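Structural features, examined
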Amino acid sequence: MSFPRRPLYFLLPLLVLLLSSNCGLLTPQHDRYVTIVYVVRHAEKDLTPGLTDPPLTAAGRQRAVALREKIFEQARPSIIFTTNTARTRATVQPLADLMKLTPQTYDARQLPALARQIRRDHRGRVAVVVGHSNTILETVEALGARRPVASVPDEQYGYLFKVKIPRDSTQAATVETQMY
């Protein structure tokens, strides 16, 4: 008795589903212990003299939406850290709303503690850290990567640093510089 030979095309959707599922063969999560941290400065702030906690300008609010789109096209953060200022919170709020996350406040004077917390509690995940022109490069360094630029000028708001912390703690973290 012989069976007719049929192409096995009907198995193709099952194969695609299997390869793209959590087994990680075709997904970027194959190295699930690499921690990704996006480090960004707050968006454009109101420069009116005398404001103790300036809000974002209209351009800053537009940049916050652009940040949401830029990060969301690359990853799905599981945690967001922000300093306790109106401008940093507003910068990340569109992303937090989209991801249904409550941003966690951190102390910008305690960057080594923040880096330890990310390495310990968020290993293999994606985090976002929003800071200031005088803290974002120090944050990159605290996470174990080299400073990608010498400084961030006060008038520059478009840097987005993507720090990759390897699963092997003997390897240095790397950083990619993006603009948004």
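- An unreviewed UniProt entry lists the protein under the name Histidine phosphatase family protein, from Hymenobacter duratus.

1. Describing the environment of Pro-103
- For Pro-103, the position within the fold is in the loop between α3 (86–99) and β3 (104–105).
- Each C-alpha atom of the pair Pro-103 and Phe-81 lies 5.4 Å from the other, and the pair is 22 residues apart in sequence.
- If sequence neighbours within four positions are ignored, Pro-103 has contacts with Ile-80, Thr-82, Val-92 and Ala-96.

2. With respect to the side chain of Lys-162
- The topology assignment puts Lys-162 in strand β5 (residues 159–165).
- Despite its burial, Lys-162 pairs with no opposite charge, the nearest such side chain being Glu-176 at 4.5 Å.

3. Digging into unusual backbone geometry
- Positive phi values are uncommon outside glycine, yet Lys-100 reaches one of about 60°.
- Inspection of the secondary structure puts Lys-100 in the loop between α3 and β3.
- The exposure class assigned to Lys-100 is exposed, which follows from its relative accessible area of 73%.

4. Some points on the pattern of salt bridges
- Tallied over the full model, the rule gives 9 salt bridges.
- With a shortest N-O distance of 3.8 Å, Arg-87 and Asp-53 are connected by a salt bridge. Note that Arg-87 is positioned in helix α3 and Asp-53 in the loop between β1 (35–41) and α2 (58–74), a separation of 34 residues in sequence.
- The class for Arg-87 is buried, based on a relative accessible area of 13%.
- On the accessibility criterion, Asp-53 (34% relative accessible area) is partly exposed.

What counts and what doesn't
- All residue numbers refer to positions counted from 1 along the written sequence of the respective chain.
- Since the coordinates come from a predicted model, pLDDT governs what is reported: local features require at least 70, and pairs of side-chain atoms require 80 or more to be given and counted, while whole-chain, interface and lining totals use all residues.
- Side-chain numbers come from the whole structure's heavy atoms, not from hydrogens or water.
- Secondary structure elements are defined from DSSP: runs of H or I of at least 4 residues count as helices, runs of E of at least 2 residues count as strands, and each element is numbered from the N terminus.
- By the convention used here, residues are in contact when the closest approach between their heavy atoms is within 4.5 Å.
- Accessible area is worked out with a 1.4 Å probe on protein chains only. A residue is then buried under 20% of its type maximum, exposed over 50%, and partly exposed in between.
- All tallies of charge rest on Lys and Arg as positive and Asp and Glu as negative; His and the ends of each chain are not included.
- For this analysis, a salt bridge means a side-chain nitrogen from Lys or Arg found within 4 Å of a carboxyl oxygen belonging to Asp or Glu.

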